Amino acid sequence: MLKLMKYEFFKWRTTLLALLVGLVALEIGFIAGEKLNKTGLMSVCLGLISMLAFAAFVYLLIAGIAGYSQELREKSGYLVFMTPVRTMGVVLSKLLFIALTALVAMALFGGAAYLDFKHLIGRLNLDARALEQVNMLLRFGLNANATVQQIVQTAIFLGCTVLIEVMLTLCTGYLAVTLSATLMQNKKGLWRGLVSLVIFVALTWGSSWITQKLLYDRVNIVNANADILRDLLLWASLLNFAFCAAFTFASAWLLKHKVNL
Amino acid sequence: MLELKNVTKSYLRRNALSDVSLEIESGKTCLLLGPNGSGKTTMMKLIAGLSRPSSGEITLDGQPIGTATKARVAYMPTENYFYNYMTIRDIGKYYADFFADFDAARYDRLLDDMELEKQDRIRQLSSGMSAKLRLSLTLSRDASLMMFDEPLNGVDILTRTQTIDAILKGRGQGRTMLISTHLVDELEDVVDYTVFLKKGKLVMAGDKQEICAGRTLKDLYLEVYGHVSTDPEHSGKEVGENA
């Protein structure tokens, strides 16, 4: 499985390098703005870093699912599926590679944006109230007494929550593509893509409905305090993780028993 | 031994293979014959584990086709199956990473014989060069079962001769070879066992000497698929379908 992840990296390396070069270029622009005391340039670079981070995440998701679909449709899939690796290993190698890449991207882009934002705020003449609201944002919603450890823990918790959401979208996409490949074995192109999309929407709606019934309907969110909201988010993440596992197993099983390349 | 027991492969409206039962002993060089759409590629993909039979069973030395048998089966598909970013060197490293029986030194020698450069990118290769690369990769493995799906298609005469020579050199040591082709007369002299498929059904299978019974394989092919008897007693007369 690790070897397959290595080759996933080789496939993606040009894209990842382009993203890294983009981030470095924008950081250089931000630092140049700071040295030249041009808050406008700093703001533009920070805005572009944020947009690049969002675009990178969306691209990772779409390309991750599209790449998997392509391997099931085209002969390049033979390269992976002829190897003596279990189907679960094949699916996990792709998912874990995307997860790791998303994690690293989050750390790099998120870390850069966070630090740049702090630097930028220090240069703007904000009134006390606006400054406190911004600082609360930088403390991830924690009050002014929060320690660095608490801020870091909250950042990690929120980061994991976002990562699991990203993985759930990816696992749902993989299952939708695999189910479509199973049901539409003789069809290619638009029909198979449409069926994948319908299944994806159905699975997303289904998992959201289950989460709603099991968790959100049982809590009065309007009157909930921070602890209740944190626990709700934790349980939702655990449930999403369970969905990820179930969808991954289902994809691997279908690949082994039903899908024909 | 490669064994297929009542193997059927169905797609929505048709059977690519219908109730095929076959035994090929280890060490045999087997020719898989049939016109387009007869099920040759489907059979190879089932044996390679790239597809699942709708019913029936396929075993290699008693082991069902799966992850373990993929380590012992080398399959050369008809088309390019590499990632475009790869070079010829990269694909060799990929095979070395995943197949314990891959011989990197033999791969280098075969590349030299085929006049392929390691630094060339997959996307730059012509169809003939791509065919040579697929052949080099397959022959660089010490697999128990080697399958070549139409290895002589789309290549020039010199390359065809190189391909046949390379396949001949790859025989032996108990290795089973399964070759599908339309160019019957080019491989007639190198095979021990022959399988005829027609519209997904097994028409005939057996030792080449026995089933040919004095005829050439080409003549038998014409008789099976062209409905023309090449039996000296019925020469030139149409015969009923053999399917």
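So, here is what we can say about the structure in this document.

Thresholds applied
- Residues numbered from 1 in each chain as written.
- Chains lettered and ligands numbered in written order.
- Predicted model: local features only at pLDDT ≥ 70, side-chain atom pairs only at ≥ 80, totals over all residues.
- Heavy atoms only, no water.
- Helix = DSSP H or I, 4+ residues; strand = E, 2+ residues; numbered from the N terminus.
- Buried < 20%, exposed > 50% of the residue type's maximum accessible area, 1.4 Å probe, protein only.
- Polar contact = N/O pair within 3.5 Å; in protein donor to acceptor, adjacent residues only side chain to side chain.
- Patch = residues over 30% accessible without salt bridge, like charges linked within 9 Å, V, L, I, M, F, W, Y side chains within 5 Å.
- Areas by Shrake-Rupley, 256 points an atom, 1.4 Å probe, with all protein chains shown as cover.
- Salt bridge = Lys/Arg side-chain N within 4 Å of Asp/Glu carboxyl O.
- Pairing = 2+ DSSP bridges.
- Contact = heavy atoms within 4.5 Å.
- Buried area = accessible area lost by both parts, 1.4 Å probe.
- Phe/Tyr/Trp six-rings, centres within 6.5 Å; stacked < 30°, edge-to-face > 60°.
- Lys, Arg positive; Asp, Glu negative; His and termini not counted.
- Charge placed at Lys NZ, Arg CZ, Asp CG, Glu CD.
- Axes fitted to C-alpha atoms, helices over the stretch in contact; angles between N-to-C directions.

Thoughts on the side chain of A:T87
Residues and elements named next belong to chain A.
So, point 1. Looking at where T87 falls in the secondary structure, it is placed in helix α4 (residues 87-123).
So, point 2. Overall, the relative accessible area of 12% leaves T87 in the buried class.
So, point 3. Within the structure, the side chain of T87 is placed 3.1 Å from the backbone oxygen of A252, a separation counted as a polar contact.

What about a nonpolar patch on the surface?
All names here are of chain A.
So, point 1. On the surface, L17, L20, V21, V24, I28, V104 and L108 cluster together into a nonpolar patch covering about 630 Å² of accessible area.
So, point 2. Secondary-structure elements contributing two or more residues to the nonpolar patch are α1 (2-35) and α4.
So, point 3. If you tally residues by element for the nonpolar patch, the top one is α1, at five residues.
So, point 4. Checked against the element boundaries, V24 lands in helix α1.

Considering the sheet that holds strand β1 (residues 2-11) of chain B
Residue and element names in this part refer to chain B.
So, point 1. Ordered by their spatial adjacency, four strands build an open sheet running β2-β1-β4-β5, and the pairing between neighbours is antiparallel. Strand pairing shows two members of the sheet lacking a second neighbour, β2 (14-24) and β5 (63-64), which therefore form its edges.
So, point 2. As defined by bridge partners, β1 adjoins β2 across seven bridges and the pair is classed as antiparallel. Opposite K9, over in β2, you have L17 as the bridge partner.

Structural notes on the interface of chain A and chain B
So, point 1. Each side of the interface is counted separately: chain A has 28 residues, and chain B has 26 residues.
So, point 2. Approximately 2,700 Å² of surface area, both sides summed, lies buried where chain A meets chain B, with 61% of it carried by carbon and sulfur atoms.
So, point 3. When the area that chain A buries against chain B is broken down by residue, the three leading residues are A:Y7, A:L79 and A:M82, summing to 28%.
So, point 4. Applying the counting rule to chain A against chain B returns two salt bridges.

What to know about the packing of aromatic side chains
So, point 1. Per the counting criterion, the structure on display carries 17 aromatic pairs over all chains.
So, point 2. Aromatic pair A:Y7 and B:Y94: ring centres 4.7 Å apart, planes at 70°, arrangement edge-to-face. Of this pair, A:Y7 sits in helix α1 while B:Y94 sits in helix α3 (residues 88-98), each in a different chain. As far as the burial class goes, A:Y7 and B:Y94 line up, both buried.
So, point 3. Centre to centre, the rings of A:W12 and A:Y59 are 6.1 Å apart; their planes meet at 75°, and the pair counts as edge-to-face. Placement of the pair is A:W12 in helix α1 and A:Y59 in helix α2 (residues 39-73), with a sequence separation of 47 residues.

Notes on a negative patch on the surface
So, point 1. A cluster of acidic side chains, namely B:D112, B:D113, B:E115 and B:E117, defines a negative patch on the protein surface.
So, point 2. Checked against the element boundaries, B:D112 lands in helix α4 (residues 104-113).

Examining the sheet that holds strand β10 (residues 201-207) of chain B
All names here are of chain B.
So, point 1. Across the sheet, which stays open at both edges, the six strands sit in the order β6-β7-β8-β3-β9-β10 with mixed pairing between neighbours. Each edge of the open sheet is held by one strand with a lone partner, namely β6 (73-76) and β10. Strand-to-strand twist in this sheet, taken as the mean axis angle between neighbours without regard to direction, amounts to 15°.
So, point 2. As judged from the four bridges shared by strand β3 (residues 29-33) and strand β9 (residues 193-198), these two strands associate in the parallel manner. Within the sheet, the bridge partner assigned to L32 lies in β9 and is V195.
So, point 3. Contacts from helix α9 (residues 217-226) reach β3, β9 and β10, with the element oriented near 20° to β9.

Considering the pairing of strand β4 (residues 55-60) of chain B
All names here are of chain B.
So, point 1. When β1 meets β4, the two strands line up antiparallel, connected through five bridges. Bridging across to β4, L4 finds its partner in I58.
So, point 2. In terms of strand pairing, β4 meets β5 through two bridges, oriented antiparallel. From the neighbouring strand, T59 faces β5, where its bridge partner is P64.
So, point 3. Linking β4 to β5, which pair antiparallel, is a turn of two residues; within it D61 sits at a positive phi near 50°.

Let's talk about the pattern of salt bridges
Pairing is possible between side chains of opposite charge, provided their charged atoms come close.
Residues and elements named next belong to chain A.
So, point 1. Summed over the entire model, instances satisfying the criterion amount to 19 salt bridges over all chains.
So, point 2. Across the salt bridge formed by E71 and K94, the nearest N and O atoms sit 2.8 Å from each other. Of this pair, E71 sits in helix α2 while K94 is found in helix α4, placing the two residues 23 residues apart along the sequence.
So, point 3. For K94, a relative accessible area of 3% gives the class buried.

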